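# Architecture and fold: a report
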Amino acid sequence: MIAIPVTRPVVKSAVLLTALFFLLGSTPDFAVAQETLDTRIGKLSFTKDFKNGYPTDETVTKLYDEMDFQRAVQAYIWAIPLVGFEYWQQVQDEELGLKNGQLVYMETYAEKVCCLTLNVTTPYVQTFLDLTKAGPLVIEIPAGGEVRGATHDMWQIQSAQMTRPGKYLFVGPSHEGPPEAESDGSIVTHSPMQDMFVGIRLIPEDPKEREALLNTIKIYPYSERKSPKSKGYVRPTKPWFAYHPRTMEYWRTIHESLNRQPVREVDRYFVAMLKELGIEKGKPFKPNDRQKKILMDALVVGEAMAKANDFNKRLEKAHYRDNSHWHFSTTANSNQRTEFYQQLD
């Protein structure tokens, strides 16, 4: 019989392979230790232990669901002012059949039930303008000092004040400002967004004087400045409502705005959060069943947090006085900017 010597390298390799199998947990009878933690989102399990192990497949699913839910709740709160204006514009245009540049005049209680913050004693003149359809638009404020106005972007941040008579030219982000505009005497504002809100106050107390003034306000494309034609105004003749939707329309509105408007630098992280929820710039709005459930759950919690923030504020500047249930409803700066951070609440 011929003896075949076993060399040391072969024995050494076999030992190493056996050790490797055990380290990788590849042997069928090898039991991997687990550690399960009780957390505020339920039980989370990890291979071996929390410090040295990895989350199990079930825990990974739970963690991603929670991560996306938390992001959806914060995205809901972040988008409240945007959806407020975007949805208002959409419903108003559809219900009233508005033309771009046409004003809405609301004087009676029945004409004001559409919106949440209107009071019964103030006549309101407002509209939304689309700066993509006709290019730069002019708002002409008549002489006499009896008309005041302001414009806001779709985040409800003021972009211009119209406190004196003149021609106010608004240029959208996809257009260049006409070089001759300022020399023509126009007051030029570059809108950061494609759409904008216009609010106007008529000072006279007499209703007939107000309507006469209303007919002198003109909104028209700059390209038609040589023979401008005002589109006039409408008064609501039926009830309509512009409050935030409690359906998937809330998220659809965000998606439509995201795909229509430029993304502000300050919003880039929120836009990233929306991506895993089926809301992405340049792609259709088609959330799957999992994403829909998360988004609908976030609607409820997001609105609840917003109500807590509104009716039981924890902001120091909101304090009105001791022994009072009153508080200041708005404490943020006009652009939500401070020295070190943006104001979230």
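It should be emphasised that the depicted structure is a prediction, and the values quoted were computed from it without experimental measurement.

## A word on the overall build of the protein
Of the regular secondary structure elements, the protein holds eight helices and twelve strands. Over its C-alpha atoms the protein spans a radius of gyration of 30 Å, topping by over 25% the 20 Å that the globule rule assigns to 345 residues. Projected onto the principal axes, the alpha-carbon positions of the protein cover approximately 120 × 55 × 40 Å. Across the 345 residues in the protein, those meeting the buried criterion constitute 37%. In the protein, the share of contacts with a sequence separation of at least 24, taken over all contacts with a separation of at least 6, comes to 62%. Counting only carbon and sulfur atoms, one obtains 55% of the accessible surface of the protein, whose full area is about 21600 Å².

## Here we look at the environment of Phe69
With respect to the secondary-structure elements, Phe69 resides in helix α2 (residues 57–78). Spatially, the C-alpha atoms of Phe69 and Leu277 are 8.9 Å apart, while their sequence positions differ by 208 residues.

## Describing the side chain of Gln343
Within the fold, Gln343 resides in the segment after α8 (289–311). Apart from the residues lying within four places of it in its own chain, the contact partners of Gln343 are Thr331, Ala332, Asn333, Gln336, Arg337 and Thr338.

## Section: the layout of surface pockets
As a volume, the second largest pocket reaches approximately 280 Å³. Along the walls of the second largest pocket sit 16 residues, with Gln89, Asp93, Asp130, Asp195 and Arg260 positioned nearest its centre. Of all the elements in the fold, those that place two or more residues in the lining of the second largest pocket are α3 (80–96), β4 (124–130) and α6 (249–260).

## Structural notes on the sheet that holds strand β5 (residues 137–141)
If you walk across this open sheet you meet the four strands as β9-β8-β5-β11, and the pairing is mixed. Of all the strands in the sheet, just β9 (187–190) and β11 (218–221) have a single pairing partner and so form its edges. Neighbour to neighbour, the strand axes of the sheet diverge by 20 degrees on average, direction disregarded. Across four bridges, β5 lies against β11 in antiparallel orientation. Residue pairing for β11: Ile139 is matched across the bridge by Ile219.

## Examining unusual backbone geometry
The phi dihedral of Lys48 falls on the positive side, at around 65 degrees, and the residue is not glycine. With respect to the secondary-structure elements, Lys48 resides in the loop between β2 (42–47) and α2. Despite not being glycine, Gln156 shows a phi value in the positive range, around 65 degrees.

## Thoughts on the nonpolar core
Of all hydrophobic cores here, the largest spans 44 residues; its most connected members are Trp88, Tyr250, Trp251, Ile254 and Leu274. Elements represented by at least two residues in this core include exactly α2, α3, β3 (103–106), β4, α6, α7 (268–275) and α8. It is α3 that provides the largest number of residues to this core, a total of seven residues. Residues in contact with Ile254, not counting those within four places in the same chain, are Ala79, Val83, Leu274 and Ile279. Val125, Ile141, Leu213 and Ile217 belong to the second-largest nonpolar core, a separate cluster that totals 21 residues.

## Remarks on the confidence of the model for the protein
Per-residue confidence for the protein averages 88 on the pLDDT scale, and 91% of its residues sit at or above 70. Long-range and interchain partners of residues 14–30, a stretch whose pLDDT sits below 50, account for five contacts in this model, where long-range means more than four residues apart.

## Some details on the environment of Glu339
Note on placement: Glu339 falls in the segment after α8. In the structure, Glu339 is positioned 137 residues away from Leu202 in sequence and 37 Å away in space, judged by C-alpha atoms.

## Points about the sheet that holds β4
Strand order in the open sheet formed by six strands is β7-β6-β10-β4-β3-β12, and the pairing between neighbours is mixed. Whereas interior strands pair on both sides, the edge strands pair on one side only; in this sheet they are β7 (158–162) and β12 (233–234). In the sheet, strand β6 (residues 147–152) pairs with strand β10 (residues 195–202) via six bridges, with the strands oriented antiparallel. If you follow Ala150 over to β10, its bridge partner there is Gly199. Across the sheet, helix α5 (residues 207–214) is in contact with β3, β4, β6, β10 and β12; its angle to β3 comes to roughly 175 degrees.

## A look at α7
Taken residue by residue, α7 has Phe270, Val271 and Leu274 as its buried positions. Seen end-on, α7 carries its buried residues on one side only, within an arc spanning 100 degrees. Exposed residues pointing more than 90 degrees away from the buried face of α7 are listed as Arg268 and Tyr269. At its buried positions, α7 is contacted by α2 and α6.

Criteria and cut-off values
- Residues numbered from 1 in each chain as written.
- Predicted model: local features only at pLDDT ≥ 70, side-chain atom pairs only at ≥ 80, totals over all residues.
- Heavy atoms only, no water.
- Helix = DSSP H or I, 4+ residues; strand = E, 2+ residues; numbered from the N terminus.
- Rg over C-alpha atoms; globule rule 2.2 N^0.38 Å.
- Buried < 20%, exposed > 50% of the residue type's maximum accessible area, 1.4 Å probe, protein only.
- Contact = heavy atoms within 4.5 Å.
- Areas by Shrake-Rupley, 256 points an atom, 1.4 Å probe, with all protein chains shown as cover.
- 1 Å grid on protein atoms, 1.4 Å probe; cavity = no way out; pocket = protein on both sides within 12 Å on 5 of 7 lines; lining within 4 Å.
- Points joined across faces, edges and corners; volume = space filled by probe spheres on them.
- Pairing = 2+ DSSP bridges.
- Axes fitted to C-alpha atoms, helices over the stretch in contact; angles between N-to-C directions.
- Core = buried A, V, L, I, M, F, W, Y, C linked by side-chain atoms within 4.5 Å.
- pLDDT = per-residue confidence, 0-100.
- Arc of directions from axis to C-beta.

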